[in-house]
Amino acid sequence: MKIPKEKRTYCPKCKTHTVHEVLVAKKRKASELKWGQRQFRRVTAGYRGYPRPLPGGNKPVKKLDLRYKCKECGKSRVATSFRTGKPEFVAQ
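For clarity, every value in this text was computed on a predicted model and none was experimentally measured.

1. Structural notes on the pattern of salt bridges
Link 1 in the chain: All told, the structure shown has two salt bridges when counted by the stated rule.
Link 2 in the chain: Note that Glu6 is salt-bridged to Lys71, the shortest N-O span being 2.6 Å. With Glu6 in strand 2 (residues 6-11) and Lys71 in the loop between strand 5 (66-70) and strand 6 (76-78), this residue pair connects regions lying 65 residues apart in the sequence.
Link 3 in the chain: Assessed through its relative accessible area of 40%, Glu6 is described here as partly exposed.
Link 4 in the chain: A salt bridge links Glu32 to Arg41; the shortest N-O distance between them is 3.0 Å.
Link 5 in the chain: Residue classification places Arg41 among the partly exposed residues on the basis of a relative accessible area of 41%.

2. Here's the deal with the sheet that holds strand 5
Link 1 in the chain: In space, the four strands of this open sheet follow the order 2-3-5-6, with antiparallel pairing throughout. The sheet is open, and its two edges are formed by strand 2 and strand 6, each paired on a single side. Direction aside, neighbouring strands of the sheet carry axes that sit 40° apart on average.
Link 2 in the chain: Direction of pairing for strand 2 relative to strand 3 (residues 16-24): antiparallel, over a ladder of six bridges. Along strand 3, the bridge assignment pairs Glu6 with Glu21.

3. Looking at the state of the cysteines
Two cysteines whose sulfur atoms are joined by a covalent bond form what is called a disulfide.
Link 1 in the chain: Considering all chains together, one arrives at zero disulfides under this definition.
Link 2 in the chain: Cys14 forms no disulfide, and the closest cysteine sulfur to it belongs to Cys73, at a distance of 3.6 Å.
Link 3 in the chain: Judged by its relative accessible area of 29%, Cys14 falls in the partly exposed class.

4. So, the UniProt feature "binding site: Zn(2+)" (unreviewed entry) in the protein chain
Link 1 in the chain: Taking the numbering used here, the UniProt-annotated feature "binding site: Zn(2+)" (unreviewed entry) corresponds to Cys11, Cys14, Cys70 and Cys73. Maximum C-alpha separation among the annotated residues is 9.0 Å over a sequence range of 63 residues, consistent with a single clustered spot.
Link 2 in the chain: If you trace the backbone, Cys11 turns up in strand 2.
Link 3 in the chain: For Cys14, the position within the fold is in the loop between strand 2 and strand 3.
Link 4 in the chain: For Cys14, the residues in contact, after removing those within four places along its chain, are Cys70, Glu72 and Cys73.

The rules behind these values
- Residues numbered from 1 in each chain as written.
- Predicted model: local features only at pLDDT ≥ 70, side-chain atom pairs only at ≥ 80, totals over all residues.
- Heavy atoms only, no water.
- Salt bridge = Lys/Arg side-chain N within 4 Å of Asp/Glu carboxyl O.
- Helix = DSSP H or I, 4+ residues; strand = E, 2+ residues; numbered from the N terminus.
- Buried < 20%, exposed > 50% of the residue type's maximum accessible area, 1.4 Å probe, protein only.
- Pairing = 2+ DSSP bridges.
- Axes fitted to C-alpha atoms, helices over the stretch in contact; angles between N-to-C directions.
- Disulfide = S-S within 2.5 Å.
- UniProt positions renumbered as here; feature names shortened; annotations may be inferred.
- Contact = heavy atoms within 4.5 Å.

Okay, structure coming up:
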């Protein structure tokens, strides 16, 4: 799928439509202090093993999160995710 490198869209900080740079939002490392991760560490500690069936197989199409970064103020926001095959950023 072809996605433009720059897009003119609304910036909530500038409160007007400005040119935004379009990037792929990368997933950050999960926090070890969250309740779910603490519970997972507690359950898998010792000789108990994995608490649920291992996730199997890859999806044919991954979900893509786009990050819009304003060229005026530098504020960025993540847009809603959608499924696409191979994203290709093109200049317009």
